[in-house]
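# Observations on the three-dimensional arrangement
Residue-level listing of the chains:
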Amino acid sequence: MMKKSNKFTWRIVEFSKLKINDHYSPHFTIDGYYWRLRVFPRGNNIGDHFSVYIEACDYKIQTVNARITFTVVNQINEEDSVKKYVDQLEINANDRDWGFHDFMPLSNLTHPHRGFIVDDTIIVEVDVFASKHEADVDSQGVDQDARTVNNQGMADDSNAIEFCFDQVAMTMLKKLEDENAPPSVRIVDFKDIVSNNYVTIGAFIVPSSLESIAKELLVKHPDIGTGNSPFPYMNEMAFIVLCGALKSMDTTRSTEVTETLILKWRDAVRGALHSGFKIDILKDHLELVTYAYLATLAKNSGESKALKAIDVKVSVKRKELNSLIAQRAGMHKKIKTELWKTCEATAAKNFPGETYGYFSI
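Residues numbered from 1 in each chain as written. Predicted model: local features only at pLDDT ≥ 70, side-chain atom pairs only at ≥ 80, totals over all residues. Heavy atoms only, no water.

Our next topic: the overall build of the protein. Within the protein, the regular secondary structure consists of 9 helices and 11 strands. Considering the protein as a whole, with its 361 residues, one finds that 40% of them fall into the buried category. Considering only residue pairs separated by 6 or more positions, the protein has 67% of its internal contacts joining residues 24 or more positions apart. Accessible surface, the protein as shown: approximately 21400 Å² in total, 54% of it carbon and sulfur. (Helix = DSSP H or I, 4+ residues; strand = E, 2+ residues; numbered from the N terminus. Buried < 20%, exposed > 50% of the residue type's maximum accessible area, 1.4 Å probe, protein only. Contact = heavy atoms within 4.5 Å. Areas by Shrake-Rupley, 256 points an atom, 1.4 Å probe, with all protein chains shown as cover.)

Structure (structure tokens):
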């Protein structure tokens, strides 16, 4: 079932001064997904129309069903606003952007008396009904004009390779630093915590599976303390969960790390800090882990793969160019006789200008 409508309004100021081919809105969130609008002030391969699209920026977006309405607001009479919609649209990792290359004629949009541009400002709105994919939604209901935009190569445009990495990264880093986030870690989240065999390491009793980690932790941080909770059991559990998180960091391959797991590591470290353990340095380590995770996320994104595909094409073209340069050099050497060279040298020395005048010698 579709969720309630969500509207984003974008005021594009100094519209007539936009010299770039395309222009992006700020990022916005609707139904938990990141989006942005993209407009072509002079049209997308169609010079007499204003083009507008919506782009899904969330890395983890699966198939989402959406009904999207675009509006260019008439600022004199709102009833004259121009609206177009895309119905029963499926957005996924391969089809992230949809819209209209011929949304409205530029002559109408920029006319000084028709109300769409006031004080050199236009207003673009987008309404989105979005929900997770349902098998019974008929994707054939998508407006064919909108579908054609994508099929014409919107996603292959070099500007479309730019993606929303900063938005995703900043959101992840904010989660890492969010002191008010409810704890998401449980004892069973780290398999080595649950054990029937325990050993004493310093002031702590820990599962035997965590013995080596606990020893390393106490050697590296001898002043870690024993916790300040009035309940010794809580101090011990915080220490055990911390050791479980540290072992998970050591044994989980970087390619298997997820945002959820990083947040569980965060909560394990935070729980130990709240219990009075002196391990602030682990917060710095988690930040480094998050940056590395985000780098991997970017590397494996569709946008990064698109860049690699272009690199391959560039490499092929460079080889072709080098072959042509070598071919030309060989031909040049073969056909350029000594007499030819003499004529060129004479011309360059005696007639550097544009005429053969006597007085120019």
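Checked against the element boundaries, Arg38 lands in strand β4 (residues 33–40). Polar contacts involving the side chain of Arg38 include one to the side chain of Tyr24, which spans 3.3 Å. (Polar contact = N/O pair within 3.5 Å; in protein donor to acceptor, adjacent residues only side chain to side chain.)

With that settled, the discussion passes to the packing of helix α4 (residues 211–220) against helix α5 (residues 232–251). For any two helices packed against each other, the geometry comes down to the angle between their axes and how far apart the axes lie. Between α4 and α5, the shortest axis-to-axis distance is 9 Å and the interhelical angle comes to 100°. By the angle between their axes, α4 is roughly perpendicular relative to α5. In contact with Ile213, Ala214, Leu217 and Leu218 of α4, α5 contributes Phe239, Leu242, Cys243, Leu246, Lys247 and Asp250. Its residues placed into classes, the contact of α4 with α5 shows 8 nonpolar, no polar and 2 charged. (Axes fitted to C-alpha atoms, helices over the stretch in contact; angles between N-to-C directions. Parallel < 35°, antiparallel > 145°, perpendicular 65-115°, else oblique. Nonpolar A, V, L, I, M, F, W, Y, C, P; charged D, E, K, R; others polar.)

Turning to unusual backbone geometry, a few remarks are in order. Of note in the backbone geometry, Glu14 takes a positive phi value of approximately 50° without being a glycine. In this model, Asp120 sits at a positive phi of 60°, which is unusual for a non-glycine residue. Within the secondary structure, Asp120 is located in the loop between α1 (106–109) and β9 (122–132).

Moving on to the packing of aromatic side chains. In this structure the tally under the stated criterion is 8 aromatic pairs. Their ring planes at 10° and their centres at 3.9 Å tell us that Phe8 and Phe28 sit as a pair that is stacked. Taken together, the positions of Phe8 in strand β1 (residues 6–12) and Phe28 in strand β3 (residues 28–30) put the pair 20 residues apart, joining distant regions of the chain. Of the two residues examined, Phe8 and Phe28, each falls in the buried class. Relative to Phe100, the ring of Phe70 has its centre 6.0 Å away and its plane inclined at 90°; by these criteria the two rings are edge-to-face. Of this pair, Phe70 sits in strand β6 (residues 64–72) while Phe100 is found in strand β8 (residues 97–105), placing the two residues 30 residues apart along the sequence. For the pair Phe70 and Phe100, a shared accessibility class is recorded, and that class is buried. Directly above the aromatic system of Tyr85 lies the positively charged group of Arg67, at a separation of 4.3 Å from the ring centroid. (Phe/Tyr/Trp six-rings, centres within 6.5 Å; stacked < 30°, edge-to-face > 60°. Lys NZ or Arg CZ within 6 Å of the ring centre and 35° of its normal.)

Together, Phe231, Tyr233 and Met234 make up a nonpolar patch on the protein surface, roughly 380 Å² of accessible area in all. Note on placement: Tyr233 falls in helix α5. According to the relative accessible area criterion, Tyr233 is exposed, its value standing at 56%. (Patch = residues over 30% accessible without salt bridge, like charges linked within 9 Å, V, L, I, M, F, W, Y side chains within 5 Å. Salt bridge = Lys/Arg side-chain N within 4 Å of Asp/Glu carboxyl O.)

With that out of the way, let us pick up the pattern of salt bridges. One pass over the structure, following the stated rule, counts 9 salt bridges. As a salt-bridge pair, Lys17 and Glu14 come within 3.7 Å of each other at their nearest N and O atoms. Take Glu14: its relative accessible area is 44%, and that puts it in the partly exposed class. A salt bridge links Glu259 to Lys175; its shortest N-O distance comes to 2.6 Å. Here Lys175 lies in helix α3 (residues 165–177) and Glu259 lies in helix α6 (residues 259–274), a separation of 84 residues in the sequence. Residue classification places Glu259 among the buried positions, given a relative accessible area of 17%.

We now examine the pairing of strand β11 (residues 204–207). Of the strand pairs in this sheet, strand β10 (residues 198–201) and β11 are connected by 4 bridges, and their pairing is antiparallel. If you follow Ile201 over to β11, its bridge partner there is Phe204. Here β10 hands over to β11 after 2 residues, with Gly202 in that stretch at a positive phi of 60°. (Pairing = 2+ DSSP bridges.)

As a further point, take the confidence of the model for the protein. Scored by pLDDT, the protein has a mean of 80; 81% of the residues are at 70 or more. Across the protein, the secondary-structure element scoring lowest on mean pLDDT is helix α2 (residues 144–151), at 44, and the one scoring highest is α1, at 94. Across residues 134–144, confidence stays below pLDDT 50; counting only partners more than four residues off in sequence or on other chains, it has 21 contacts. Overall, residues 147–163 carries pLDDT values under 50, and its contacts beyond four positions in sequence, including any with other chains, amount to 38 contacts. (pLDDT = per-residue confidence, 0-100.)

On to the environment of Leu106. Its location among the elements puts Leu106 in helix α1. Given a relative accessible area of 14%, Leu106 falls into the buried group. In the structure, Leu106 is positioned 58 residues away from Asp48 in sequence and 5.6 Å away in space, judged by C-alpha atoms.

Helix α7 (residues 281–299) packs onto α6 with a crossing angle of 175° between their chain directions and a minimal axis gap of 10 Å. Relative to α7, the element α6 lies roughly antiparallel. Of the residues in α7, those touching α6 at Glu259, Ile262, Trp265, Arg266, Val269 and Leu273 are Leu282, Lys283, Leu286, Val289, Thr290 and Tyr293. Residue composition of the contact of α6 with α7, grouped by class: 8 nonpolar, 1 polar and 3 charged.

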